[in-house]
Amino acid sequence: MAGNLAIVLFDGLAFGMLLFVLSVGLSVTLGLMGFINLAHGAFAMLGGYVAATAMRTLGLPFLAALPLAFLAAALLSIVFERALFRRLYGAGELNQVLFTIGLVFVATAAAAYFFGTGQQPIQLPAFLRGSVEIAGQRFGVYRMFLIATALLITLLLYFGLERTLFGARVRAAVDNQRTARGLGLDVERIFALTFAIGSGLAGLGGALAIEIVGLDPSFGFHYLVYVLIVVAVGGLGSIAGSFAAAALLGIGDVAGKYFVPELGAFLIYLLLVAILFVRPQGLFGKR
C-alpha cells in the first residue's frame with residue numbers, strides 16, 4: 001500500500017508539473033495584463049506540433065525540439081498580439097472570450113487539415129526512457145525530467161518577474177500604464193514580450209505533454225479546461241499559486257483515478273469547487 005501511494009504521489013506530481021508548465025503562462029498574462037486569452041491552448045498545441053514535426057522531418061533530438069517549440073509559439077503570439085489581441089485590451093471580457101475561443105476552433109481545424117486527426121508519436125532519447133529503482137519502487141525517468149523542468153521554470157519566472165529590471169517594468173506597466181508611459185517605458189513592447197513569454201511556455205508545455213497525454217487536434221480544447229482550473233485555483237498572477245494548484249490538482253486527479261475509479265476524472269472538479277468555496281480568489285490570488 002505504501003509503495004502504491006508513493007507511485008501515485010510521484011505520477012500525480014509529474015502530471016501536476018505538466019499542468020503547471022501549460023498553465024503558468026496564462027496565469028502571468030491574465031493576472032498581469034488582464035487579458036482573457038483562451039487561445040492559450042492553441043499555442044500549446046502549436047508547440048507540440050512544431051516539436052513533433054521537427055523531430056520527425058528534420059531529425060532534431062527531443063531536447064533541441066523543446067526550445068524550438070517555445071520560440072515558435074512565442075514568435076507567433078507576438079504577431080497575433082500586435083495584429084489582433086492589442087485591439088481587444090480595452091474591450092470587455094465577453095469580446096475577449098469569444099474572439100480567442102474562435103481562434104482555438106480555427107487552430108483545431110488547421111491542425112486536423114495539415115496533420116490529420118491521429119496522435120503524433122515522438123521518440124524520446126534513451127536517457128529519458130525507462131525507470132529507475134528507488135527504495136524498491138520504480139519511478140519513470142521522463143516524469144522526473146518533467147518535475148525538474150517545472151522547478152527550473154518556477155525559479156526562472158520568479159527571478160525574472162521579481163528580481164530583474166524587466167520584471168519591475170512589467171509590474172509598473174500593469175499597475176499604471178499612464179505613469180509608466182510618462183516615465184518613458186514602452187508599455188506596448190513590454191506587454192508584447194510578456195505575452196510572448198506566456199505563450200512560449202504554453203508551446204513548451206505542449207511539446208512536453210506529447211509523451212504523457214499525447215497530441216491530436218483536440219488538444220487545444222481538452223487541456224484548456226485543465227489550464228483554466230489551475231489558473232482559477234492558484235490565483236491570477238501568482239506563480240507560486242499556479243505551482244501549488246497544479247501539484248495539488250495533479251496529485252488529486254491521479255489519486256482519484258487510482259483509489260476511487262468510480263469518480264474518475266470528476267474528482268478534479270470537486271477539488272476546484274471546494275477550494276474556490278473557501279478561497280474565491282484562489283490559493284495565492286492577488287486580486
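Residues numbered from 1 in each chain as written. Predicted model: local features only at pLDDT ≥ 70, side-chain atom pairs only at ≥ 80, totals over all residues. Heavy atoms only, no water.

**A look at the confidence of the model for the protein chain**
Right, on to step 1. Residues with a pLDDT of 70 or more make up 97% of the protein chain, whose mean pLDDT is 87.
Right, on to step 2. Looking over the protein chain, one finds the lowest element-wise mean pLDDT in helix H6 (residues 165-175), namely 77, and the highest in helix H2 (residues 40-57), namely 94. (pLDDT = per-residue confidence, 0-100. Helix = DSSP H or I, 4+ residues; strand = E, 2+ residues; numbered from the N terminus.)

**Notes on the pairing of strand S1 (residues 131-134)**
Right, on to step 1. Pairing between S1 and strand S2 (residues 137-140): 4 bridges, direction antiparallel. The residue of S2 that forms the bridge with Ile134 is Gln137.
Right, on to step 2. With antiparallel pairing between neighbouring strands as the criterion, S1 and S2 make up a hairpin whose turn holds 2 residues, including Ala135 at a positive phi of roughly 55 degrees. (Pairing = 2+ DSSP bridges.)

**Regarding the packing of aromatic side chains**
Right, on to step 1. A complete count under the given rule lists 18 aromatic pairs for this structure.
Right, on to step 2. Considering the side-chain rings of Phe43 and Phe195, the 6.5 Å spacing of their centres and the 85 degrees angle between planes classify their relative orientation as edge-to-face. Here Phe43 is found in helix H2, whereas its partner Phe195 is found in helix H8 (residues 187-213), with 152 residues between them in sequence. The burial state of Phe43 is the same as that of Phe195; both residues are buried.
Right, on to step 3. On the numbers, 5.0 Å between centres and 35 degrees between planes, the contact of Phe219 with Tyr223 is tilted. (Phe/Tyr/Trp six-rings, centres within 6.5 Å; stacked < 30°, edge-to-face > 60°. Buried < 20%, exposed > 50% of the residue type's maximum accessible area, 1.4 Å probe, protein only.)

**Things to note about the packing of H2 against helix H3 (residues 62-83)**
Right, on to step 1. Viewed as axis vectors pointing N to C, H2 and H3 meet at an angle of 140 degrees, and their least axial separation amounts to 8 Å. As the angle between them shows, H2 and H3 are arranged oblique. Taken as a pair, H2 and H3 cross one another with a handedness that is right-handed. Along its contact with H2, which presents Phe43, Leu46, Gly47, Val50, Ala51, Ala54 and Met55, the element H3 presents Phe62, Ala65, Leu68, Ala69, Ala72, Ala73, Leu76 and Ser77.
Right, on to step 2. When grouped by side-chain class, the residues that make up the contact of H2 with H3 number 13 nonpolar, 2 polar and no charged. (Axes fitted to C-alpha atoms, helices over the stretch in contact; angles between N-to-C directions. Parallel < 35°, antiparallel > 145°, perpendicular 65-115°, else oblique. Left-handed = near helix turned anticlockwise from the far one by under 90°. Contact = heavy atoms within 4.5 Å. Nonpolar A, V, L, I, M, F, W, Y, C, P; charged D, E, K, R; others polar.)

**Considering the nonpolar core**
Right, on to step 1. Core analysis: the biggest nonpolar cluster contains 85 residues, and Phe20, Phe62, Leu208 and Phe219 have the highest contact counts within it.
Right, on to step 2. The element that contributes the greatest number of residues to this core is helix H1 (residues 2-33), accounting for 15 residues.
Right, on to step 3. If sequence neighbours within four positions are ignored, Phe62 has contacts with Met55, Ile122, Leu124, Pro125, Leu128, Tyr142, Phe145, Ala207 and Leu208. (Core = buried A, V, L, I, M, F, W, Y, C linked by side-chain atoms within 4.5 Å.)

**Some words on H2**
Right, on to step 1. Here H2 is 18 residues long and its end C-alpha atoms lie 26 Å apart, about the 26 Å a rise of 1.5 Å per residue gives.
Right, on to step 2. Taking burial as the measure, the 18 residues of H2 include 14 buried ones, the bulk of the element. (Expected span 1.5 Å × (residues − 1).)

**Things to note about the environment of Leu63**
Right, on to step 1. With respect to the secondary-structure elements, Leu63 resides in helix H3.
Right, on to step 2. Between the C-alpha atoms of Leu63 and Gly116, which are 53 residues apart in sequence, the distance is 25 Å.
Right, on to step 3. Residues within four places of Leu63 in sequence aside, it is in contact with Phe127, Leu128 and Phe145.

**Examining the pattern of salt bridges**
Right, on to step 1. Applying the stated criterion to the full structure yields 5 salt bridges.
Right, on to step 2. Notably, a salt bridge pairs Lys257 with Asp253, separated by 3.2 Å at the nearest N-O pair. One end of the pair is Lys257 and the other is Asp253, both in helix H10 (residues 239-259) and 4 residues apart, which spans about a single turn.
Right, on to step 3. Here Lys257 falls in the partly exposed class, since its relative accessible area comes to 41%. (Salt bridge = Lys/Arg side-chain N within 4 Å of Asp/Glu carboxyl O.)

**Some points on H3**
Right, on to step 1. Taking 1.5 Å per residue, 22 residues should reach 32 Å; H3 reaches 32 Å between its end C-alpha atoms and fits that length.
Right, on to step 2. All of the buried residues in H3 are Phe62, Ala65, Leu66, Ala69, Ala73, Ala74, Ser77 and Glu81.
Right, on to step 3. Among the structural elements, H2, helix H5 (141-162) and H8 are those in contact with the buried residues of H3.

**Description of the side chain of Thr100**
Right, on to step 1. Along the chain, Thr100 falls in helix H4 (residues 93-115).
Right, on to step 2. Here the side chain of Thr100 touches Ile36 through a polar contact of 3.5 Å, landing on its backbone oxygen.
Right, on to step 3. Side-chain polar atoms of Thr100 contact the backbone oxygen of Gln96, separated by 2.7 Å.
Right, on to step 4. Each residue touching Thr100, except ones within four places of it in the same chain, is listed here: Phe35, Ile36, Asn37, Leu38, Ala39 and Phe85. (Polar contact = N/O pair within 3.5 Å; in protein donor to acceptor, adjacent residues only side chain to side chain.)

**Let's talk about the side chain of Asp216**
Right, on to step 1. For Asp216, the position within the fold is in the loop between H8 and helix H9 (219-234).
Right, on to step 2. Although Asp216 lies buried, it forms no salt bridge, and the closest oppositely charged side chain, Arg56, sits 13 Å away as judged by the N-O distance.
Right, on to step 3. Side-chain polar atoms of Asp216 contact the side chain of Gln119, separated by 2.9 Å.
Right, on to step 4. For Asp216, the contacting residues outside a window of four places in its chain are Met45, Tyr49, Thr117, Gly118 and Gln119. (Lys, Arg positive; Asp, Glu negative; His and termini not counted.)

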